[in-house]
Each structure stands twice: as structure tokens, then as C-alpha cells.
Amino acid sequence: MLYFNYKGILFPTISSSVKILNYLENEFQILDDDIVTVTYPKSGTNWMLEILGLIQHDGDPSWVRSLPVWDRSPWIETEDGLKKALADSPPRRLSSHLQFQIFPKSFLNSKAKIIYVMRNPKDVLVSHYHFSKSFKGFQDPGTIEEFLETFLKGDVPFGSWFDHVRGWMELKDRPNFFFFTYEELLHNPRDSVKKLGQIFGKTLNSQQIDSVVENASFHKMKDNKMSNFSQVPDKYFDHNTGNFMRKGVSGDWKNHLTVAQSEYFDRVYQEKMQHVNVTFQWD
Ligand code: A3P
């Protein structure tokens, strides 16, 4: 079985289990000085982690080029990531794709910071579609038409994009919750880096900001073997059919969805997002 179900949400068996998710939700301790990057998959997680790693080191790329991204900021819902997170000493950098309703309860009594990254869901769908063809922990997506249905129903690992965003955006007024979009990182990287620096309590000078932006650019990350997933063993990722650093653009959905499919997506989007009181770049 490729997936298992935890509270109505699918998870890849390859990296997680009910036992892990139950432990995370009820027992794992989020600490006050943790910074947790939370995303729906394919929203720019690794890009944010690269930016944060560079900010932490004042724009010096040596650290992000010497340690795999999953060791820099372990994924708490994976078996290896959880072990690493438990062994790391504070201040920890953690990552998660968990929806808010099953995120560690201990977060609610902590001052830990959440950096939540979102992306135009049509581009998430396309990125997910390609990734699923090569990542052996995800089901073959079938045709784009078929995957559109699967995605809109939320029958994908980590569940529905709509539930994910709706759940986390309920925290939007909390002082320790910060949200960013893939599109703002793309179109306004310097401002995003400055904002992130402030969250870290760091004031970077102009050259350091330039260095963060440059070293976290698509082409630099594509060449960084610690970030481009080339180190992921073949048993998990078919490197012949796919590339984790695929395109790195916004609007690629226009090359994949027909007008009718896009309009269908919009109808579902409007219905599901009608009570979310935030206007996103893609609205
Ligand atoms: P595409 O498949 O559209 O190219 P995640 O890290 O959440 O899995 O997201 C992966 C997506 O982010 C991929 O999108 C990948 O190319 C893109 N990405 C990664 N690093 C990036 C960067 N530096 N600039 C722009 N996009 C980037």
C-alpha cells in the first residue's frame, strides 16, 4: 500500500506511519525557539529552506552547500526527520507538510514561529503531477484530467490543498505566524528576504541580502547537490524521468490545463475558499 490514512488524510507509507503522526500530534514538544517551515507539498518548501539557511549564515552559501536540506531542517512527520528533530539541540529548524488540525498540539502553548508558504494551487497541482511521476512514494497521477479530480478531492498525500490553507490561515493574526507566497518570493525576493531576516532578528546589509537572493535562485539551487534532490536514492526517486528542480516559474498551469479545466478549478476554488478572508496574488 502506497498510502495510509490518518484522520481522513492520506500519507505516504514510504516515510511515515500512524504511530509517528499520533506521537507528533499528542506528545511531540514544539519548543519556544523552534522555527517551523510549514507548506502544502510543492509550494516552494525547499526554496524557503534554502533562503532561511542563507539568512541564518548572513548570505554565506557554505552551509547550505555542505548539508542536505533534510538535515538542515528535518521533516518531523518522516521517521528519519523525527529522529533528527528529537536529537537536535535548540534553536531548531523544522519542516512539516502537516495540516493544522493534526499539527503538534504543543505548538499552541509555545512561542515557536511558523513560516507558512503558499503557492497558486493550479501551479501546485502541475508541480505535484510531475513530481508524482518520479517520486516512488506517490501514486502515478494518470492523466492531467484524472489528476485534476484527485487533487480537487484532496485524495493526495497530505490531503486537500483547500483544507491545508484554510486551516493554517486561521492563525493569520497570531504574532508567531508568518505567511509568504511562492509568487512574492519570485517577484519580490529582496523584500521577502528582509522580512524573513526581521523574523530571525537579523538585519542583513545590502550585499548579504543580494547574496541570499542569488544563492537561493533557481539556477544556483539546481546546481546545489544538497538541495536539488540528486542525493535522494533511486529507490525513492526516479532521476531518469524527473527533476525535482523542474521549472521554478509561476503560471506553468497555463501549459497544462485547458480553459474548461481551469474554469472548473475556479468554481471549486471559489466554493471552498469563500470564507477565507485573505486576497492572494492569484485570486
Ligand atoms: P516546479 O515543479 O513548478 O518547478 P517543494 O519544495 O515544496 O516540493 O516545491 C517544489 C517546487 O518549487 C518545484 O516547482 C521547484 O522547481 C520549485 N523551486 C524550488 N526551488 C526554487 C527556486 N529557487 N526558485 C523557484 N522555484 C523553485
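About the criteria used
- Residues numbered from 1 in each chain as written.
- Predicted model: local features only at pLDDT ≥ 70, side-chain atom pairs only at ≥ 80, totals over all residues.
- Heavy atoms only, no water.
- Helix = DSSP H or I, 4+ residues; strand = E, 2+ residues; numbered from the N terminus.
- Expected span 1.5 Å × (residues − 1).
- Buried < 20%, exposed > 50% of the residue type's maximum accessible area, 1.4 Å probe, protein only.
- Arc of directions from axis to C-beta.
- Phe/Tyr/Trp six-rings, centres within 6.5 Å; stacked < 30°, edge-to-face > 60°.
- Lys NZ or Arg CZ within 6 Å of the ring centre and 35° of its normal.
- Core = buried A, V, L, I, M, F, W, Y, C linked by side-chain atoms within 4.5 Å.
- Contact = heavy atoms within 4.5 Å.

A.B. asks: Would you mind showing me how to read helix α9 (residues 189-200) here?
C.D. replies: In an α-helix, one turn spans 3.6 residues, which is why side chains three or four residues apart end up on the same side. Taking 1.5 Å as the rise per residue, α9 with 12 residues should run 16 Å; its terminal C-alpha atoms sit 16 Å apart, in good agreement. Taken as a whole, α9 has its buried residues at Ser192, Val193, Leu196, Gly197, Ile199 and Phe200. For α9, the arc enclosing every buried residue in end-on projection is 155°, short of the 170-degree limit, so these residues lie on one face. Note on α9: the residue one or two positions beyond its end, Gly201, has a positive phi of about 75°.

A.B. asks: Help me understand the packing of aromatic side chains, please; the structure alone is not making it clear to me.
C.D. replies: Note on aromatic pairs: each is described by the distance of the centres and the angle between the planes. Tallying each qualifying case throughout the model produces 27 aromatic pairs. Ring centres 4.9 Å apart and planes at 10° place the aromatic pair Phe280 and Trp282 in the stacked group. When sorted by exposure, Phe280 lands in the same class as Trp282, which is buried. Each residue in the set Tyr40, Tyr129, Phe147, Phe151, Trp161, Phe162, Phe265, Tyr269, Phe280 and Trp282 is aromatic and connected to the rest through ring pairs, giving one cluster. Its guanidinium or amino end placed over the ring of Trp253, Lys122 lies 4.2 Å from that ring's centre, counting from NZ or CZ.

A.B. asks: Honestly, the nonpolar core in this entry has me stumped. Any pointers?
C.D. replies: Within soluble globular proteins, side chains that are nonpolar tend to cluster in buried spots. Of all hydrophobic cores here, the largest spans 87 residues; its most connected members are Phe103, Trp161 and Phe280. Of the residues forming this core, the biggest block, seven residues, is contributed by helix α2 (residues 45-56). Ignoring sequence-local partners within four residues, the contact set of Phe280 consists of Met118, Val165, Met169, Tyr269 and Met273.

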